[in-house]
Amino acid sequence: PAIPELPADALDVMSAREVAEQLDRAREGDAEEIAALSRLYTLHGYFAEAEACGLIATRQYPYSYSARLWWAIALDRLGRMDDAIAQYRQAQPIAPRSERAQCMYYVGRCQLRLERSEAAERAFRDSLEIAPAQYELAKLLIRSDRGEEGLNLVEELSEQYSDDLTVLQLRSRAQLAAG
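Presented here is a report on the structure given in the accompanying data block. For clarity, every value in this text was computed on a predicted model and none was experimentally measured. (Residues numbered from 1 in each chain as written. Predicted model: local features only at pLDDT ≥ 70, side-chain atom pairs only at ≥ 80, totals over all residues. Heavy atoms only, no water.)

1. Concerning the packing of helix H7 (residues 117–125) against helix H8 (residues 131–143)
The contact between H7 and H8 brings their axes to 9 Å, and the two run at 145 degrees. Handedness of the H7/H8 crossing: left-handed. Packed against H7, whose contacting residues are Ser 117, Ala 120, Glu 121, Phe 124 and Arg 125, the element H8 presents Ala 133, Glu 136, Leu 137, Leu 140 and Leu 141 at the interface. (Axes fitted to C-alpha atoms, helices over the stretch in contact; angles between N-to-C directions. Helix = DSSP H or I, 4+ residues; strand = E, 2+ residues; numbered from the N terminus. Left-handed = near helix turned anticlockwise from the far one by under 90°. Contact = heavy atoms within 4.5 Å.)

Right, here's the structure in full:
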């Protein structure tokens, strides 16, 4: 498939220049350059074009973490949750060690959107080293009448983010749920 282009008037002048330069580099055929174009399209809200670039880049280089990640993000934004989950899961083992938990966090978010709370809980538990996963898991536990377990997670978050209003609100909800 061909690398998709945006209409000439789709972006402001500076963004259009950046995208045009990346498009030129992507046309040379390097998977990482195509993945970078996918990232740019995603950041500008052109998810269908980003998805097409992600597919092209991943077919060319299946072990490219950035290609797989940006393809997954585009699929996620397009509402193709099961496809996004599959790509996040494939990205996770090839991700830099510091980003593996982030992939599972994204899986958890997609599972929540599909109302698969048990699968979301497993994904969040697999990514507890990052605060967003702790936060989402605590919310999930509180909603599922496991407030005391949720409160334990929120207490840990409160130590790291003592001035964060969303954490303080969640802590209050967890305390009410725990009794």
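What follows picks up the thread again.
2. As for the packing of aromatic side chains
Inspection of every chain in the model, using the stated rule, returns 3 aromatic pairs. An aromatic cluster is built from Tyr 88, Tyr 105, Tyr 106 and Phe 124, whose rings are joined through pairwise contacts. (Phe/Tyr/Trp six-rings, centres within 6.5 Å; stacked < 30°, edge-to-face > 60°.)

3. Some points on unusual backbone geometry
In this structure, Glu 115 takes a positive phi of about 60 degrees despite not being glycine. If you trace the backbone, Glu 115 turns up in the loop between helix H6 (100–113) and H7. Residue Glu 115 is classed as exposed on the basis of its relative accessible area of 74%. (Buried < 20%, exposed > 50% of the residue type's maximum accessible area, 1.4 Å probe, protein only.)

4. Describing the pattern of salt bridges
One pass over the structure, following the stated rule, counts 14 salt bridges. Glu 149 is the partner of Arg 125 in a salt bridge, and the nearest nitrogen-oxygen pair spans 2.5 Å. Highlighted residues: Arg 125 in helix H7 and Glu 149 in helix H9 (residues 147–160), separated in sequence by 24 residues. Looking at Arg 125, the relative accessible area reads 33%, which means it is partly exposed. The exposure class assigned to Glu 149 is partly exposed, which follows from its relative accessible area of 34%. Overlapping salt bridges bring together Glu 121, Arg 125, Arg 146 and Glu 149 as one network. (Salt bridge = Lys/Arg side-chain N within 4 Å of Asp/Glu carboxyl O.)

5. Observations concerning the side chain of Thr 58
Relative to the elements of secondary structure, Thr 58 occurs in helix H3 (residues 47–60). The contact partners of Thr 58, leaving out residues within four places of it in the chain, are Ala 67, Arg 68 and Trp 71.

6. Remarks on the environment of Val 154
In this structure, Val 154 sits in helix H9. Residue Val 154 is classed as buried on the basis of its relative accessible area of 1%. C-alpha separation for the pair Val 154 and Gln 169, spaced 15 residues apart in sequence, amounts to 9.9 Å. The residues contacting Val 154, other than those within four sequence positions of it, are Ala 138, Val 167, Leu 170, Arg 171 and Ala 174.

7. Some points on the packing of H8 against H9
Two elements in contact, H8 and H9, have axes separated by 8 Å at closest approach and are oriented at 150 degrees. When the axis of H8 is compared with that of H9, the two are roughly antiparallel. Once H8 is placed against H9, the crossing between them reads as left-handed. Residues Ala 131, Gln 134, Tyr 135, Leu 137, Ala 138, Leu 141 and Ile 142 of H8 form the contact with H9, whose own contacting residues are Gly 147, Glu 149, Gly 150, Leu 153, Val 154, Leu 157 and Gln 160. (Parallel < 35°, antiparallel > 145°, perpendicular 65-115°, else oblique.)

8. Section: the side chain of Ser 15
With respect to the helices and strands, Ser 15 occurs in helix H1 (residues 13–27). Side chain to side chain, Ser 15 and Asp 12 meet in a polar contact 2.9 Å long. (Polar contact = N/O pair within 3.5 Å; in protein donor to acceptor, adjacent residues only side chain to side chain.)

9. What to know about the state of the cysteines
Summed over all chains, the structure comprises 0 disulfides. Of all cysteine sulfurs, the one in Cys 103 lies closest to Cys 110, which takes part in no disulfide; the gap is 11 Å. Its relative accessible area of 0% is what places Cys 110 among the buried residues. (Disulfide = S-S within 2.5 Å.)

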